[in-house]
Amino acid sequence: MIEGLNAEGTRRTTTWAVGSIGNDREIVVTNENWFSKQLQVEVLTKTSDPRSGDSTTKLTNVSLVEPDPALFMPPPDYTIKGVAALRLRRLPRAP
């Protein structure tokens, strides 16, 4: 569970031996990814790499509540002018 969401994760560790890429010591890089099937997005990603440092990206403040439909309505005085208005006139009106 991450932020209240079921998530499936994977961890991949890659190790480069001494001298394999011009390095004077072993390099170990770890990548961890957690995916929510419900949202179809990664909710947590962690990377640890001694060459670039540690990085974490996490989806936070997740709300599964339907948004207020009014948020998607144009203001009452809104009008479309130009070519876009001509295209909209051809569309059938919803009941």
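Residues numbered from 1 in each chain as written. Predicted model: local features only at pLDDT ≥ 70, side-chain atom pairs only at ≥ 80, totals over all residues. Heavy atoms only, no water.

**Things to note about the nonpolar core**
Part 1 of the reasoning: Membership of the largest hydrophobic core is limited to five residues, which are Ile 2, Leu 5, Ala 7, Val 43 and Leu 44.
Part 2 of the reasoning: Dropping the residues within four chain positions of it, Leu 44 is found in contact with Ile 2, Glu 32, Asn 33, Trp 34, Thr 56, Thr 57 and Lys 58. (Core = buried A, V, L, I, M, F, W, Y, C linked by side-chain atoms within 4.5 Å. Buried < 20%, exposed > 50% of the residue type's maximum accessible area, 1.4 Å probe, protein only. Contact = heavy atoms within 4.5 Å.)

**Observations concerning the side chain of Asn 23**
Part 1 of the reasoning: Assignment of secondary structure puts Asn 23 in the loop between strand S1 (8–16) and strand S2 (27–36).
Part 2 of the reasoning: Of the polar contacts made by the side chain of Asn 23, one reaches the backbone oxygen of Arg 25; its length is 2.7 Å. (Helix = DSSP H or I, 4+ residues; strand = E, 2+ residues; numbered from the N terminus. Polar contact = N/O pair within 3.5 Å; in protein donor to acceptor, adjacent residues only side chain to side chain.)

**Section: the pairing of S2**
Along any regular strand, the residues point their side chains to alternate faces of the sheet.
Part 1 of the reasoning: With nine bridges connecting them, S1 and S2 associate as antiparallel partners. Residue Thr 10 lies in a different strand from S2, and its bridge partner there is Asn 33.
Part 2 of the reasoning: Note: S2 against strand S3 (residues 41–49), seven bridges, orientation antiparallel. The partner of Asn 31 across the bridge, within S3, is Thr 47.
Part 3 of the reasoning: Where S2 folds back onto S3 in an antiparallel hairpin, the turn is made up of four residues, including Gln 40, whose phi is positive at roughly 60°. (Pairing = 2+ DSSP bridges.)

**With respect to the side chain of Glu 32**
Part 1 of the reasoning: Tracing the backbone through its elements, the reader meets Glu 32 in strand S2.
Part 2 of the reasoning: A distance of 2.9 Å separates polar atoms of two side chains, one belonging to Glu 32 and the other to Arg 11.
Part 3 of the reasoning: There is a polar contact of 2.7 Å between the side chain of Glu 32 and the side chain of Trp 34.
Part 4 of the reasoning: Apart from residues no more than four positions distant in its own chain, Glu 32 is found in contact with Thr 10, Arg 11, Leu 44, Thr 45 and Lys 46.

Nothing here speaks to function; it is geometry throughout.
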